[in-house]
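Listed below, chain by chain, are the residues.
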Amino acid sequence: MLVLNEILKNRDAVVKALAKKHFKADEIVDKIISLDQVRRNTKQQLDDTLFESNRLAKEIGGLYKQGKKAEADALKEKTAELKDLSKTLNDKFEETQSKINSLIVEMPNTPCDLVPEGKTADDNVIVKMEGEIPALPEDALPHWELAKKYNIIDFELGNKVTGAGFPFYRGLGARLQRSLITYFLNTAIDNGFTEYQPPLVVNEASGFGTGQLPDKEGQMYHCNLDNLYLIPTAEVPITNIFRDVILKEEELPVKNVAYSGCFRREAGSYGKDVRGLNRLHQFDKVEIVEISNQEDSYHILDTMVAHVESLVKGLGLPYRILRLCGGDISFTSALTYDFEVFSAAQKRWLEVSSVSNFESFQANRLKLRYKTSDGKTKLCHTLNGSALALPRIVAALLENNQTPEGIKIPAVLVPFMGCDIIK
RNA sequence: GGAGAGGUGGGUGAGUGGCUGAAACCAACAGUUUGCUAAACUGUCGUACUCGAAAGGGUACCGGGGGUUCGAAUCCCCCCUUCUCCGCCA
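Residues numbered from 1 in each chain as written. Chains lettered and ligands numbered in written order. Predicted model: local features only at pLDDT ≥ 70, side-chain atom pairs only at ≥ 80, totals over all residues. Heavy atoms only, no water.

Student: Sorry if this is basic, but what is going on with the overall build of chain A here?
Tutor: Scanning chain A from N- to C-terminus turns up 13 helices and 19 strands. Viewed in the frame of its principal axes, chain A has a C-alpha envelope of about 100 × 45 × 45 Å. Counting the 423 residues in chain A, one finds 48% classified as buried. In chain A, the proportion of contacts linking residues at least 24 apart, taken out of those at least 6 apart, comes to 73%. Within the structure as shown, chain A displays about 21,100 Å² of accessible surface, and the carbon and sulfur contribution to it stands at 51%. (Helix = DSSP H or I, 4+ residues; strand = E, 2+ residues; numbered from the N terminus. Buried < 20%, exposed > 50% of the residue type's maximum accessible area, 1.4 Å probe, protein only. Contact = heavy atoms within 4.5 Å. Areas by Shrake-Rupley, 256 points an atom, 1.4 Å probe, with all protein chains shown as cover.)

Structure follows, in structure tokens:
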């Protein structure tokens, strides 16, 4: 969520910035400004009332000690009034506060200046495109056919045991998953990230901390009995490590990486987009999360993009990097780069990574702060990115690397695969 | 799952109704002293909101949420969590 004081201080700038996200903010901001006046006034009155109550309580205590019971009892009546008054004021204060809160929560993050204007994915800016798109023969197979042909991924078995969107990986298919995870993790560790193995279920507070709750409740699997949620991404547990934390500036940047299964209900998805590995209810992903001070976050975003790029490059997949436009960027992000790889048999670009700087939007909700050397407490900036999500990488690898002899394994994976071709 | 004991500031830990936003010690930071290091001494040393130009006030917070009371870290209720013992178990 945006920072209240920033909204108040920079009203016009905020409204202007949000217009890029096609969000009309002027009315909502003005409502916030006037509610904030009420909030401050009420707070002042409330504090004054409580001050008086506290003063009287002390006086009463003193009188009792001196044995002046009658005088003390007289004062008690006064405090009863103050108590009513403070209750009323407190209710008003909390009500106003929560009104302000629910208005702020509706507001998306302000996009940074680099975010291009635009409405849809078509307006995203391609900042880089590399790698050769393989020329496959006419009878090239899409990955779901290849998966069947080589018996490495079994979608029907997943249907039987669990349901659609929960495939089994078998033999070299399973080993390919494990190899990719190892390759991604090892590269991240080489680049200075600390590896975590997080819990795969989280409590409600964590769901709120990273913003999945209350809005996207329907997107997460929920264990009713214990009121826990299956994580949609490792971002949730890894970022919530820092909920209500104040770091020292010299501890920054924090660089964490985690592999996890990810669980998404994907309510409302359908059609060709969800064929095969394109969209699953359970999939594997390695996620990088960084926490930075306010000055360095955009530089760090660049290093994260470079890290993800090295992964895709290493696999030899044709890729492009997009800077998302105002209409396509997520609610919480200030700047996002998407990575897409070309899946040559489906003949389409598949999104495999999304790397974002959230500035202080997430940190404000998390109450994640750092202390500067001169003792000031500031909100951190948080960033994260997939590095990488497996299914679409696997889809592209299978399709692009298919040959009459079998599916060629990229060199970086061979040591983990123990072979260089799936036959 | 059953029984018992706990949860206080960066750490240890005192505090069973008012004089406690919280002793003491340690750590940290600044200064003084000192050939250097160390030691000693002095001071500072939680977070948020709010009033104020500032100096400086005020309010809230002792795991979380409710309650009793003029007054709660302290009493009551619910929840979370840690430890010990028992049970179960990869």
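Student: I would appreciate a short explanation of the sheet that holds strand S10 (residues 282-292) in the present structure.
Tutor: Sheet strands pair via backbone hydrogen bonds, and the direction of the pair is either parallel or antiparallel. Strands sit in the order S1-S11-S12-S13-S16-S10-S9-S4 across an open sheet of eight strands; the sheet is mixed. For this open sheet the edge positions go to strand S1 (125-130) and strand S4 (194-196), each flanked by a neighbour on one side alone. With strand direction ignored, the average angle separating the axes of adjacent strands in the sheet is 25°. Direction of pairing for S1 relative to strand S11 (residues 319-323): antiparallel, over a ladder of five bridges. In the sheet register, Met-129 faces S11, and the bridge partner there is Arg-320. Each of S1, S10, S11, strand S12 (335-343), strand S13 (348-357) and strand S16 (381-389) touches helix H10 (residues 297-314); the most contacted strand, S16, lies at about 5° to it. (Pairing = 2+ DSSP bridges. Axes fitted to C-alpha atoms, helices over the stretch in contact; angles between N-to-C directions.)

Student: Help me out: how do you make sense of the environment of Arg-279 in this one?
Tutor: Note that Arg-279 resides in the loop between strand S9 (254-263) and S10. Given a relative accessible area of 33%, Arg-279 falls into the partly exposed group. Between the alpha carbons of Arg-279 and Tyr-196 there is a distance of 25 Å; along the sequence they are 83 residues apart.

Student: Would you explain a nonpolar patch on the surface in this entry?
Tutor: On the surface, a nonpolar cluster with roughly 240 Å² of combined accessible area is contributed by Leu-157, Val-161 and Phe-168. Take Phe-168: its relative accessible area is 34%, and that puts it in the partly exposed class. (Patch = residues over 30% accessible without salt bridge, like charges linked within 9 Å, V, L, I, M, F, W, Y side chains within 5 Å. Salt bridge = Lys/Arg side-chain N within 4 Å of Asp/Glu carboxyl O.)

Student: So what exactly am I meant to see when it comes to the protein's contact with RNA strand B here?
Tutor: Around RNA strand B, the structure places 20 residues, and the nearest of them are Arg-39, Gln-44, Asp-47, Ala-57 and Lys-371. Considering the 4 Å shell around the protein, atoms of RNA strand B inside it are sugar or phosphate in 72% of instances. Here a phosphate oxygen of RNA strand B sits 3.3 Å away from a polar atom, N or O, in the side chain of Asn-54. Contact distances for RNA strand B include 2.6 Å between a base nitrogen and a backbone N or O atom of Ala-57. Listed by contribution, the elements that provide at least two residues to the surface near RNA strand B are helix H3 (26-65), helix H4 (69-105) and strand S14 (369-371). Here the surface near RNA strand B gets 13 residues from one element, more than from any other, and that element is H3. Within the surface near RNA strand B, the residues separate by chemical class into six nonpolar, five polar and nine charged. (Near = heavy atom within 4 Å. Polar contact = N/O pair within 3.5 Å; in protein donor to acceptor, adjacent residues only side chain to side chain. Nonpolar A, V, L, I, M, F, W, Y, C, P; charged D, E, K, R; others polar.)

Student: Sorry, what's going on with the environment of Leu-85 here?
Tutor: Examined against the element boundaries, Leu-85 turns out to sit in helix H4. Assessed through its relative accessible area of 41%, Leu-85 is described here as partly exposed.

Student: Got a minute to help me understand the domain arrangement of chain A in this structure?
Tutor: Interface size is often expressed as the accessible area that is lost when the parts come together. Taken domain by domain, chain A comprises domain 1 (4-104) and domain 2 (121-422). The straight-line distance from the C-alpha centre of domain 1 to that of domain 2 is 44 Å. (Domains from an automatic or database assignment.)

Student: What's the story with the environment of Ser-86 in this structure? I'm lost.
Tutor: Locating Ser-86 in the fold gives a position in helix H4. Through-space distance from the C-alpha of Ser-86 to that of Thr-49 is 6.1 Å; in sequence the pair is 37 residues apart. Every residue in contact with Ser-86, bar those within four places of it in the chain, is listed here: Leu-46, Thr-49 and Leu-50.

Student: Can you help me understand the sheet that holds S14 in this one?
Tutor: Pairing within the open sheet is mixed, and its three strands lie in the order S8-S14-S15. Each edge of the sheet is formed by a strand with only one pairing partner; in this case those strands are strand S8 (246-248) and strand S15 (377-379). If you compare each strand with its neighbour and ignore which way they point, the axes differ by 35° on average. By the bridge criterion, three bridges tie S14 to S15 in an arrangement that is antiparallel. Paired with Arg-369 across the strands is Leu-379, a residue of S15.

Student: Even after reading the chapter, I still don't get the pairing of S16, so can you show me in this structure?
Tutor: Taken residue by residue, a regular strand's side chains alternate between the two faces of the sheet. Of all nine residues in S16, nine are buried; the element is thus mostly enclosed. By the bridge criterion, seven bridges tie S10 to S16 in an arrangement that is antiparallel. Among the inter-strand pairings, Ile-291 is bridged to a residue of S16, identified as Thr-382. Note: S13 against S16, three bridges, orientation antiparallel. The partner of Asn-357 across the bridge, within S16, is Leu-383.

Student: Would you explain the pattern of salt bridges in this entry?
Tutor: Pairing of side chains with opposite charge becomes possible as their charged atoms draw close. The tally for this structure, following the rule as stated, stands at 18 salt bridges. One salt bridge connects Lys-255 with Glu-290, and the closest N-O pair in it is separated by 3.8 Å. Taken together, the residues span a long stretch of sequence, with Lys-255 in strand S9 and Glu-290 in strand S10 at a distance of 35 residues. A salt bridge links Lys-378 to Glu-295, with the shortest nitrogen-to-oxygen separation between them at 3.6 Å. In this pair, Lys-378 is assigned in strand S15 and Glu-295 in the loop between S10 and H10, connecting sequence segments 83 residues apart. The exposure class assigned to Lys-378 is partly exposed, which follows from its relative accessible area of 28%. Taking relative accessible area as the criterion, Glu-295 reaches 52% and is therefore assigned exposed. Here the salt bridges share partners, and the residues they tie into one network are Lys-128, Glu-130, Glu-309 and Lys-313.

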